[in-house]
Amino acid sequence: VRAALVKATGTVKTLVIWAQSLNKEQLRINSLAERMLEELKTGEAVRRHSEARAEQLRRHLGQFTSRGNRVVLVIDEAHRIPLPTLRALRDFLEFTFALRQGLVSLILVGQTELEDRLNRVPQLWQRCRKVRMSKPTTKEAEMLVARAFEEEGFDADDSAVRAVARAKAAPSSPWSPTRALRQLA
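Since this is a predicted model, take the numbers as computed values, not measurements.

Reading guide: rules and limits
Residues numbered from 1 in each chain as written. Predicted model: local features only at pLDDT ≥ 70, side-chain atom pairs only at ≥ 80, totals over all residues. Heavy atoms only, no water. Helix = DSSP H or I, 4+ residues; strand = E, 2+ residues; numbered from the N terminus. Contact = heavy atoms within 4.5 Å. Core = buried A, V, L, I, M, F, W, Y, C linked by side-chain atoms within 4.5 Å. Buried < 20%, exposed > 50% of the residue type's maximum accessible area, 1.4 Å probe, protein only. Phe/Tyr/Trp six-rings, centres within 6.5 Å; stacked < 30°, edge-to-face > 60°. pLDDT = per-residue confidence, 0-100. Salt bridge = Lys/Arg side-chain N within 4 Å of Asp/Glu carboxyl O. Axes fitted to C-alpha atoms, helices over the stretch in contact; angles between N-to-C directions. Parallel < 35°, antiparallel > 145°, perpendicular 65-115°, else oblique. Left-handed = near helix turned anticlockwise from the far one by under 90°.

1. Regarding the overall build of the protein chain
- Each helix and strand counted, the protein chain has eight helices and six strands in total.
- Each helix and strand of the protein chain, ordered N terminal to C terminal, gives the series β-β-α-α-β-α-β-β-β-α-α-α-α-α.
- Put simply, of all contacts in the protein chain between residues at least 6 apart along the chain, 56% involve residues at least 24 apart.

Here you go:
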C-alpha cells in the first residue's frame, strides 16, 4: 500500500491509499483495515480482534475527516478480490462518525470481470458509480505509444509509433513498447 498526503494551498488534504501491491486473491478485509490504520499514522497499536479493529478504523477515519481531510482507497486489479472481501468493503462505505457519513471513498479498478463480481454483491454494486473505459482511439493509442517510447528511451519516428500503436499485443500479457517492437521485428 502506498499513500500520499496531498495539500495545495486552499485545497482539502487527501490521503490516497493505493492497494495495488497486495495479493488480491488473498486480500482480506482485516489486512486492508490494518494497512489503512498504518497509513493514517494513528500512533496506536492495531487491535487484534476484527470488530475492535473495525471500530478503531472507523474512529480514526472519523477523526481524520473531521479535520477537513479526505480518505480515498484505490484498489487496482479489483476483479481478483475475493467476494467476502468485496462484501466487507461495503462496511467501510457505511462508517459514520459524529453523524457524518462517507468517511472513506472507494475506487475499484479492474477488468470487465469486476462488473460480474460486483453483480454478486448488490449491496456494494448499488453504491458504485460505474465508469467504463473504452479502447483508446487510434490517435490516443499513438500518443500513449509515443510517451511510452520516450519513457523507455527509444527514439522513434512517427511511422514507428503508428505501427506499434496498431500492433496487437497478446491479451494475456501486459503491453510494453519493447515487446511491441520485438513483435514487429
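Let us keep going from here.
2. Looking at the nonpolar core
- Within the largest apolar cluster, 30 residues are counted, with the highest numbers of intra-cluster contacts made by Leu 57, Leu 61, Leu 86, Leu 89, Phe 92 and Leu 108.
- Those elements that place two or more of their residues in this core are α1 (29-40), α2 (50-66), β3 (70-75), α3 (83-94), α4 (113-119) and α5 (122-125).
- Those residues in contact with Leu 86 that lie beyond four places of it in its chain are Ile 81, Leu 108, Arg 117, Leu 118, Val 121 and Leu 124.

3. Section: the packing of aromatic side chains
- One pass over the full model with this rule turns up one aromatic pair.
- Between Phe 92 and Phe 95, the ring centres sit 5.6 Å apart and the planes meet at 35°, which makes this aromatic pair tilted. The same class applies to Phe 92 as to Phe 95, namely buried.

4. Some thoughts on the confidence of the model for the protein chain
- Of all residues in the protein chain, 76% have pLDDT values of 70 or greater, and the mean over the chain is 75.
- Scored below 50 in pLDDT, residues 1-12 makes 27 contacts in the model with residues more than four places away or belonging to other chains.
- In this model residues 168-175 is a low-confidence stretch, pLDDT under 50, and it forms 12 contacts with partners more than four residues away in sequence or in other chains.

5. Quick word on the pattern of salt bridges
- Within this structure, the stated rule accounts for eight salt bridges.
- One salt bridge in this structure joins Arg 59 and Glu 44, with 3.0 Å as the shortest N-O distance. You can see Arg 59 sitting in helix α2 and its partner Glu 44 sitting in the loop between α1 and α2, a full 15 residues away along the chain.
- Glu 55 is paired through a salt bridge with Arg 58; the nearest N and O atoms lie 2.5 Å apart. Here Glu 55 and its partner Arg 58 are both found in helix α2, three residues apart, which amounts to about one turn of the helix.
- By relative accessible area, which is 37% here, Glu 55 ends up partly exposed.
- Salt bridges linked by common partners bring Glu 44, Arg 47 and Arg 59 together as one network.

6. Re the packing of helix α6 (residues 138-152) against helix α7 (residues 158-166)
- Where α6 contacts α7, the axes come no closer than 8 Å and their chain directions differ by 115°. Judged by the angle between their axes, α6 and α7 are roughly perpendicular. Taken as a pair, α6 and α7 cross one another with a handedness that is right-handed. Facing α6, whose interface residues are Thr 138, Ala 141, Glu 142, Val 145, Ala 146 and Phe 149, α7 presents Ala 160, Val 161, Arg 162, Val 164, Ala 165 and Arg 166.

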